[in-house]
Amino acid sequence: MRALVSTVLVLGLAACGGGGGSGSSDSGGSSGGSVVGGSGPNVQPIVVNPGPAQNYANGAFTSVTVCVPGTSECQTIDGVLVDTGSSGLRLLSSLLTVSLPPQHDAAGAPILECNQFQDSYQWGAVVLADLKMSGEQASSVPIQAIGTSAFGAPKGCTQSGLPPQETVDSLGANGVLGVGLFRQDCGPACASSGGQNPGLYYSCPPSGCVAAAVGLNQQVLNPVWLFAADNNGVILQLPSVPAAGAPTVNGSMIFGIGTRSNNGLGSAHVYTVDDVGYFTTVFKGQPYSQSFVDSGSNGIFFLDSATSGLAACRDTADFYCPPAPASLTATNRDASGTSATVDFTIANADALFNTPNFAFSNLGGPNPGSFDWGLPFFFGRNVYTALEQQSTPGGVGPYFAY
Amino acid sequence: MTTNRQAGGRTALVLALWTVALLSAPRPARAALGDGLPSIQGDQVHMQGSLRTAAMPGYLRHEIQIPTGTVVREFSSPAGSVFGVSWEGPFLPDLHRILGASYDSYVLAARTKRRGRGPLLLHLPDLVFESAGHPRGFHGRAYLPKLLPEGVPAEAVR
């Protein structure tokens, strides 16, 4: 089927996408006999739309409510990117109207962080907030307030050479909600001293910022882990979208795996991951062992033109532009031998971007040597992300399941 | 800020770096990619890691295990030039250090506005740079296409 611009298709989709908030019956995911999602205190609406910068393709956004700890001084911020590839909540400090107290070290100096993604960094203060989403809440959660004028980013931060993404325009979002595999955004390494410490966290007394060791519970934390219940992982549920895409898609983020009647694994298969969150994807007989699932990636990024057989776009090397949509198959497998094929389609990105749509199940691009199963993988599936060291009916995390 | 060096200029630069490395503390300001073998030991010391060298068909692969958990590999030609670096692990390595003289090109190119949110891929005539993965699980590489030894594919840099 060719990826054509179709007004009729777009209008038809708008009706489907807007109907019901739950998506549980039209998810297309195989959940066996149990219904996943629906409504409930553990169900949080998410939406795939252009986002706060009005130009984001395949961004799943949600709203979070943050409060000054122990008070009813609260603020709800929408347009926060839902990211199963990272851990921790980050909000643009320029948008905060409530005064969230800074995290301090034992000597009373504020703690700041140089957070790194593979394509950007964010410098900002660690602050504390009571967090609410749907009926879930967590108290005094360390989050990152992105962008701070109090202390300039130190050389140890900027010299990664990655570009900063500390504005709505560069980030494409008002913040990032990391609901991934890990409890902390850094972990034991940032609680260590010496060469083990990668230097992401800084203590900033008046004399200036110095890289510091920060205890596990003072680091930016995965908010799901701090919920009283439903705290062993999340499920993202998004309906299928047709070949030409959709302007907006409504779905759900469901907290907890097997903790209620609406978040069971059903017939989803568990894929355990290694200590950095990878499993293996086999394509055309070749295994790629640095592969993973990530709702924060906005395409299926895999291999290169030579190994995928797909031409890159001439105007942007970040995406593939095959002349006609390509139907492909890969096999995901984990260390225990769980293995199943994944059929996917990659369409011409230029053609997709020429539609008025922002949700695409067939947007893809290069990623030499591995598979990054981004948001397109999530359409028409229930995708489970299980937190490290937490028990679930499918075993102890970390794992992905679908 | 990078320039296309002539072969003679590069040899002089490599010799100058060796001299600097021998005479001063084993920490050249920039090291690794595009430089010579002593820069690899400089990187090892700077990153407080352990170094292991393996002979591969047509090149050497030097592996530095950093205490943070990240592994950096540096690839040298038979002539002793580092033509590629790669990394895998929970945290990014010191890119300012291991990219050497290619760092400025990389920084400039990385600021080009992109529509993707996924791997950062830069394909310049003198530098290929890839940063992929996700927080707590990064992998990436950089190599100089013009320094790839005869018969060694770019795929070897991984």
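Residues numbered from 1 in each chain as written. Chains lettered and ligands numbered in written order. Predicted model: local features only at pLDDT ≥ 70, side-chain atom pairs only at ≥ 80, totals over all residues.

Asks: So what exactly am I meant to see when it comes to the overall build of chain A here?
Replies: When helices and strands are tallied, chain A shows six helices and 24 strands. For 402 residues, the compact-globule estimate of 2.2 N^0.38 gives 21 Å, and chain A sits close to it at 21 Å. Across its three principal axes, chain A shows a C-alpha extent of roughly 65 × 45 × 45 Å. When the 402 residues of chain A are sorted by exposure, 56% land in the buried category. Considering only intrachain contacts with a sequence separation of at least 6, the fraction spanning at least 24 residues in chain A is 71%. (Helix = DSSP H or I, 4+ residues; strand = E, 2+ residues; numbered from the N terminus. Rg over C-alpha atoms; globule rule 2.2 N^0.38 Å. Buried ≥ 20, exposed ≤ 12 C-beta atoms within 10 Å, placed from the backbone. Contact = placed C-beta atoms within 7 Å.)

Asks: For this particular structure, what's the right way to read the overall build of chain B?
Replies: A tally of helices and strands in chain B yields four helices and seven strands. Start at the N end of chain B and walk to the C end: the helices and strands fall as α-α-β-β-β-β-α-α-β-β-β. Each of the 158 residues in chain B was classed as buried or not, and the buried ones make up 48%. At a minimum sequence separation of 6, the contacts of chain B that also span at least 24 residues come to 42%.

Asks: Would you mind showing me how to read the domain arrangement of chain A here?
Replies: Often the size quoted for an interface is simply the accessible area lost on bringing the parts together. All names here are of chain A. When the domains of chain A are assigned, the result is domain 1 (87–226) and domain 2 (233–401). Of the residues lining the interface, nine residues belong to domain 1; the matching set on domain 2 comes to 10 residues. Residues of the side of domain 1 that touches domain 2, tallied by class, amount to five nonpolar, two polar and two charged. (Domains from an automatic or database assignment. Nonpolar A, V, L, I, M, F, W, Y, C, P; charged D, E, K, R; others polar.)

Asks: Help me out: how do you make sense of unusual backbone geometry in this one?
Replies: Peptide bonds are trans in most cases, and residues, glycine excluded, mostly fall at negative phi. Residue Pro 398 of chain A is bonded to the preceding Gly 397 of chain A through a cis peptide linkage, with omega at 15°. Note that Pro 398 of chain A resides in the loop between strand S23 (395–396) and strand S24 (399–401). Of note in this structure, Arg 136 of chain B is not a glycine but carries a positive phi near 80°. Residue position: Arg 136 of chain B is located in the loop between strand S6 (128–134) and strand S7 (137–143).

Asks: Got a minute to help me understand the interface of chain B and chain A in this structure?
Replies: Taken together, the contact pairs 35 residues of chain B with 42 residues of chain A. Secondary-structure elements contributing two or more residues to the side of chain B that touches chain A are helix H3 (95–98), helix H4 (103–110), strand S5 (120–123), S6 and S7 of chain B. For the side of chain B that touches chain A, the class distribution of residues is 15 nonpolar, 13 polar and seven charged.

Asks: Whenever I open this one, the nonpolar core confuses me. Can you help?
Replies: Proteins that are soluble and globular tend to have nonpolar side chains buried together. Residues and elements named next belong to chain A. Of all hydrophobic cores here, the largest spans 144 residues; its most connected members are Val 82, Leu 236, Tyr 384, Phe 400 and Ala 401. The biggest single contributor to this core is strand S6 (residues 121–133), with nine residues. Structurally, this core is a two-domain feature, drawing no fewer than three residues from each of domain 1 (87–226) and domain 2 (233–401). The contact partners of Val 82, leaving out residues within four places of it in the chain, are Ile 46, Ala 60, Phe 61, Thr 62, Leu 177, Val 179, Leu 236, Met 253 and Ser 295. (Core = buried A, V, L, I, M, F, W, Y, C linked by C-beta atoms within 7 Å.)

Asks: In this structure, what is going on with the sheet that holds S7 of chain B? I would like to understand it.
Replies: Residue and element names in this part refer to chain B. Sheet architecture is open: seven strands sit in the order S1-S2-S3-S4-S7-S6-S5, paired in antiparallel fashion. Each edge of the sheet is formed by a strand with only one pairing partner; in this case those strands are strand S1 (50–56) and S5. Geometrically, the sheet is characterised by an average inter-axis angle of 10° between neighbouring strands, direction not taken into account. Relative to strand S3 (residues 71–76), strand S2 (residues 59–65) is paired through six bridges, and the arrangement is antiparallel. (Pairing = 2+ DSSP bridges. Axes fitted to C-alpha atoms, helices over the stretch in contact; angles between N-to-C directions.)

Asks: Any chance you could explain the environment of Gly 151 of chain B here in plain terms?
Replies: Counting through the fold element by element, Gly 151 of chain B comes out in the segment after S7. C-alpha separation for the pair Gly 151 of chain B and Gly 58 of chain B, spaced 93 residues apart in sequence, amounts to 7.3 Å.

Asks: Got a minute to help me understand the pairing of strand S18 (residues 339–346) of chain A in this structure?
Replies: Along a regular strand, successive side chains alternate from one face of the sheet to the other. All names here are of chain A. As paired elements, strand S17 (residues 326–333) and S18 share eight bridges and run antiparallel to each other. Across the sheet, the residue bridging to Thr 329 is Asp 343, located in S18. Hairpin connection of S17 to S18: five residues between the antiparallel strands, including Gly 337 at a positive phi of 105°.

Asks: I'm lost on the sheet that holds S17 of chain A in this one. Help?
Replies: Through backbone hydrogen bonds, the strands of a sheet pair up, either in parallel or in antiparallel fashion. Residues and elements named next belong to chain A. Strand order across the open sheet formed by seven strands is S18-S17-S14-S15-S20-S16-S19, with mixed pairing between neighbours. Bordering the open sheet on either side are S18 and strand S19 (364–365), each of which pairs with just one other strand. Pairing analysis gives four bridges linking strand S14 (residues 279–283) to strand S15 (residues 286–293), with the strands arranged antiparallel. Within the sheet, the bridge partner assigned to Phe 283 lies in S15 and is Gln 286.

Asks: Hey, could you run me through the environment of Pro 206 of chain A in this one?
Replies: Residue and element names in this part refer to chain A. Positionally, Pro 206 belongs in the loop between strand S9 (201–203) and strand S10 (210–211). By C-beta crowding, Pro 206 is classed as exposed, having 6 other C-beta atoms within 10 Å. Considering only alpha carbons, one finds Pro 206 and Phe 151, 55 residues apart in sequence, at a separation of 9.4 Å.

Asks: Just checking my understanding: could you explain the confidence of the model for chain A for this structure?
Replies: As a general rule, the predicted coordinates of low-pLDDT regions are not to be interpreted in detail. Here chain A shows a mean pLDDT of 92. Residues at 70 or above account for 92%. With pLDDT under 50 throughout, residues 1–33 of chain A is counted as low confidence; its partners more than four residues away or in other chains account for 66 contacts. (pLDDT = per-residue confidence, 0-100.)

Asks: Just checking my understanding: could you explain helix H2 (residues 37–46) of chain B for this structure?
Replies: The complete set of buried residues in H2 of chain B reads Ser 39, Ile 40, Gly 42, Asp 43 and Gln 44 of chain B. Two residues or fewer past H2 of chain B, Gln 48 of chain B is found with a positive phi of approximately 55°.

Asks: In this structure, what is going on with the environment of Val 179 of chain A? I would like to understand it.
Replies: All names here are of chain A. One can find Val 179 in strand S8 (residues 175–179). Measuring from C-alpha to C-alpha, the distance between Val 179 and Leu 236 comes to 10 Å, with 57 residues separating the pair along the chain. Excluding its chain neighbours within four sequence positions, the residues that come into contact with Val 179 are Val 82, Asp 83, Thr 84, Asn 222, Val 224, Val 234 and Thr 385.

Asks: I keep staring at the pairing of S15 of chain A and nothing clicks. Help me out?
Replies: Residues and elements named next belong to chain A. In textbook terms, the turn of a hairpin is the stretch between consecutive antiparallel strands, and for S14 and S15 this stretch comprises two residues, one of which, Lys 284, has a positive phi near 50°. Pairing analysis gives two bridges linking S15 to strand S20 (residues 367–373), with the strands arranged parallel. Within the sheet, the bridge partner assigned to Val 293 lies in S20 and is Trp 373.

Asks: I would appreciate a short explanation of the confidence of the model for chain B in the present structure.
Replies: All names here are of chain B. Residues with a pLDDT of 70 or more make up 80% of chain B, whose mean pLDDT is 85. Confidence drops under pLDDT 50 across residues 1–8; counting only partners more than four residues distant or on other chains, this segment forms seven contacts. A low-confidence stretch, residues 14–29 stays under pLDDT 50, and its non-local contacts, those more than four residues away or across chains, total 21 contacts.

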